[in-house]
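Descriptive structure summary
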Amino acid sequence: MLDRMHKTAISERELARNIVRKLPWLTASISTVAFLLTALILNNEQDAAFSLHLKSDSILAALAFNSVTPLRQFGLTLLTSFFAHTDWNHFFSNVVWLVLFGSAIELRQKKLRLLNALAIGHLIAVIGGYVTATAFAGPELLLGMSGGVCFVALMWLAETQSIARSISVLLLLGGLSSFQSVGFLMTHVAPALGGLLLGMFFKKRTAIKTTETTQRSL
């Protein structure tokens, strides 16, 4: 009886460990860091507004990627601009989609893929912001994880859903850009297109592997 109770306790502890291991810790950690940094900023800057209207001496402006001086602070703004947000609406609109799509990718045991996708998407957005500022006289500052989230969302859709559905989402996002500035196209739609192409690549690679595995088993 005692031996059975001991084995049951061990199995329950092992089950709890497995559940904890399979939680989307990377997504949760990124969301938490973004929340804490945004809360700290907005607590000190109650009048913080969208990046078009940021004061040059504000904390947000210091953390933002600046197209005029892209390598200031030893390039650290490439990282800080990802986590910093201009207001709570900006923060939640990004984090909700990050939790939905980021968790879906991470729970498939693809933490490194998620991290790389967020980094690539944010880099595309930064480059897009730089081009917008220098070629189209757009806003100099870039803040938020929108580029990374758009990349991740379309990558997941292209890999797991039909191509037609993924392209329709991209076209919808592109349609929204007609009501926005050129900057929206460069910092949201461009990363989304990159994510779509990478997701299609992963889907094709998975199909090839499945075919090869099937042929070996025959």
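Residues numbered from 1 in each chain as written. Predicted model: local features only at pLDDT ≥ 70, side-chain atom pairs only at ≥ 80, totals over all residues. Heavy atoms only, no water.

1. Digging into a nonpolar patch on the surface
We count it as follows: For patch detection, residues must exceed 30% relative accessible area and be free of salt bridges, and they are connected within 9 Å for like charges or within 5 Å for nonpolar side chains (Val, Leu, Ile, Met, Phe, Trp, Tyr). Using a 1.4 Å probe, accessible areas were evaluated by the Shrake-Rupley method; residue-level cover was limited to the displayed protein chains. For salt bridges, the criterion is a side-chain nitrogen of Lys or Arg within 4 Å of an Asp or Glu carboxyl oxygen. Secondary structure elements follow DSSP: runs of H or I of four or more residues count as helices, runs of E of two or more count as strands, with numbering from the N terminus. Type-normalised accessible area, obtained with a 1.4 Å probe on protein chains alone, sets the label of each residue: buried when under 20%, exposed when over 50%, and partly exposed for intermediate values.
Where nonpolar side chains cluster on the molecular surface, the patch consists of F35, L36, W88, F92, V96, W97 and L100 and spans about 700 Å² of accessible area. Secondary structure elements with two or more residues in the nonpolar patch: α2 (25-44) and α5 (88-106). Ranked by residue count, the leading element in the nonpolar patch is α5, at five residues. Of note, F92 is situated in helix α5. Assessed through its relative accessible area of 44%, F92 is described here as partly exposed.

2. A few points about the side chain of S31
Using the following cut-off: It only takes one pair of heavy atoms within 4.5 Å for two residues to be counted as in contact.
Within the secondary structure, S31 sits in helix α2. Of the residues examined, S31 reaches a relative accessible area of 11% and is grouped as buried. Beyond its immediate chain neighbours, meaning those up to four positions away, S31 contacts F91, V95, L98 and V99.

3. A look at the packing of aromatic side chains
The criterion, for reference: Any two rings among Phe, Tyr and Trp, with Trp reduced to its six-membered ring, count as a pair given centres within 6.5 Å; such a pair is stacked if its planes are under 30 degrees apart, edge-to-face if over 60, and tilted if neither. Counted as over-ring charges are cases with an Arg CZ or a Lys NZ within 6 Å of the ring centre that also lie within 35 degrees of the ring normal.
Going through the model one piece at a time under the given rule, you end up with nine aromatic pairs. Pairing F35 with W88 gives two aromatic rings, centres 5.5 Å apart and planes at 35°, and the pair type is tilted. Here F35, found in helix α2, pairs with W88, found in helix α5; they are 53 residues apart in sequence, far enough to count as distant. A residue is classified by how much of its surface remains accessible, and W88, at 32% relative accessible area, is partly exposed. Joined through ring pairs, the aromatic side chains of F35, W88, F91 and F92 make up one cluster. Here R113 stacks its cationic end above the ring of F202, 3.6 Å away from the centre of that ring.

4. Considerations on helix α7 (residues 146-160)
Put simply, the rule is: Each residue after the first adds 1.5 Å to the expected span of a helix.
With 15 residues, α7 should cover 21 Å at 1.5 Å per step; its first-to-last C-alpha distance of 21 Å lies within 8% of that length. Among the 15 residues of α7, 14 are classified as buried, and the element is accordingly described as predominantly covered.

5. Observations regarding the confidence of the model for the protein
Low-pLDDT stretches of the model should not have their predicted coordinates read in fine detail. To be explicit about the condition: In predicted models, pLDDT denotes the confidence assigned by the predictor to each residue on a 0 to 100 scale.
Looking at the protein, the pLDDT average stands at 83 and 83% of residues meet or exceed 70. Per-element confidence in the protein ranges from a low mean pLDDT of 51 for helix α1 (residues 2-21) to a high of 95 for α7. Counted against residues more than four places away or in other chains, residues 5-10, with its pLDDT under 50, gives zero contacts.

6. Points about the side chain of S103
How we decide: Definition of a polar contact: a pair of N or O atoms within 3.5 Å, with one able to donate and the other able to accept a hydrogen when the atoms are protein atoms, and with sequence-neighbouring residues admitted only if both atoms are side-chain atoms.
Positionally, S103 belongs in helix α5. Engagement of the side chain of S103 in a polar contact is seen with the backbone oxygen of V99, the distance being 2.7 Å. Among all residues touching S103, those that are not within four sequence positions of it are P24, T27 and L98.

7. Some details on the nonpolar core
Across soluble globular proteins, nonpolar side chains show a tendency to be buried alongside one another. Short version of the rule: In plain words, nonpolar cores are sets of buried Ala, Val, Leu, Ile, Met, Phe, Trp, Tyr and Cys residues tied together by side-chain atoms within 4.5 Å.
Residues I30, L118, M145 and V152 are the most contacted members of the largest nonpolar core, which totals 30 residues. Secondary-structure elements contributing two or more residues to this core are α2, α4 (77-83), α5, α6 (111-135), α7, α8 (163-177) and α9 (182-217). Among the elements that line this core, the one with the most residues is α7, at ten residues. Not counting residues up to four positions away in its chain, the partners in contact with L118 are I30, F82, L98, G148, V149 and V152. Counting residues in each nonpolar core, the second largest holds nine residues, with I41, L60, A84 and L143 among its members.

8. A short note on α6
The periodicity of an α-helix, 3.6 residues per turn, causes residues three or four positions apart to be oriented the same way. Here α6 contains 25 residues, and its C-alpha end-to-end distance of 36 Å stays within 8% of the 36 Å for a straight helix at 1.5 Å per residue. Of all the residues in α6, the buried ones are R113, L114, A117, L118, G121, H122, A125, V126, G128, G129, T132 and A133. Backbone geometry just downstream of α6 places A137 in the positive-phi region, at approximately 55°.

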